[in-house]
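Below, each chain spelled out in residue letters.
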Amino acid sequence: MKFSLKRLLIISIVIIAGLVAYKMVQPPSTLIGPEMHASSSPKTSITPTSGLVTMIDLGASECLPCKMMAPILEELKKEYEGKADIIFIDVWKNPDQARKFGVRAIPTQIFYDTDGREVYRHMGFMDKKRIVEILSKLGVS
């Protein structure tokens, strides 16, 4: 069977698109606990200032998925005030923070328990429902 260069290119693009789509529908990274497990991402820890569960969203104000998450984060800050800390860090304006937290893609969300230990890391857009689920699993009501 003879393949032209054009056919090979189309087949290659279809395969790559399939791999990208497959990766996007995979369950997000990890949680620690009975139905949770550790992620392969570098672990970071923070010094808890409030004794609360903390979610840090590392992104950039000009990144499209980050822009989509901005109103969600604002809602969560208000809804969880006094129950959990929701923090946004713009890594384009603060590149040292990207290195500190081991960010490989933005947005990246990192969840910490009340002792400041990283327990969950996710890369990419994260909807409000999923964030609330994780906060609940970490004991935030």
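Residues numbered from 1 in each chain as written. Predicted model: local features only at pLDDT ≥ 70, side-chain atom pairs only at ≥ 80, totals over all residues. Heavy atoms only, no water.

A. View of the pattern of salt bridges. Applying the stated criterion across every chain yields a total of eight salt bridges. Residue E75 is joined to K128 by a salt bridge in which the shortest nitrogen-to-oxygen separation is 2.8 Å. Remark: K128 occurs in helix 4 (residues 128-137) and E75 occurs in helix 2 (residues 64-79); sequence separation between them is 53 residues. For K128, a relative accessible area of 23% puts it in the partly exposed group. Between D115 and R117 there is a salt bridge, with its nearest N and O atoms 3.2 Å apart. For D115, a relative accessible area of 48% translates into the label partly exposed. Note on R117: relative accessible area 48%, which makes it partly exposed. A network of salt bridges, in which partner residues are shared, links E75, E79 and K128. (Salt bridge = Lys/Arg side-chain N within 4 Å of Asp/Glu carboxyl O. Helix = DSSP H or I, 4+ residues; strand = E, 2+ residues; numbered from the N terminus. Buried < 20%, exposed > 50% of the residue type's maximum accessible area, 1.4 Å probe, protein only.)

B. Broad picture of the nonpolar core. With 18 residues, the main nonpolar core has M55, F111, M126, I131 and L135 as its most contacted residues. Among the elements of the structure, strand 1 (53-59), helix 2, strand 2 (84-90), strand 4 (118-123) and helix 4 are those that each provide at least two residues to this core. Not counting the four nearest positions on each side in its chain, F111 is found in contact with T54, M55, R117, E118, V119, Y120, M126, I131, I134, L135 and L138. In this structure, V91, F101, V103 and Y112 belong to the second largest nonpolar core, which totals nine residues. (Core = buried A, V, L, I, M, F, W, Y, C linked by side-chain atoms within 4.5 Å. Contact = heavy atoms within 4.5 Å.)

C. Local environment of the confidence of the model for the protein chain. Taken over all residues, the pLDDT of the protein chain has a mean of 81, while the share at 70 or more is 73%. Overall, residues 24-41 carries pLDDT values under 50, and its contacts beyond four positions in sequence, including any with other chains, amount to 31 contacts. (pLDDT = per-residue confidence, 0-100.)

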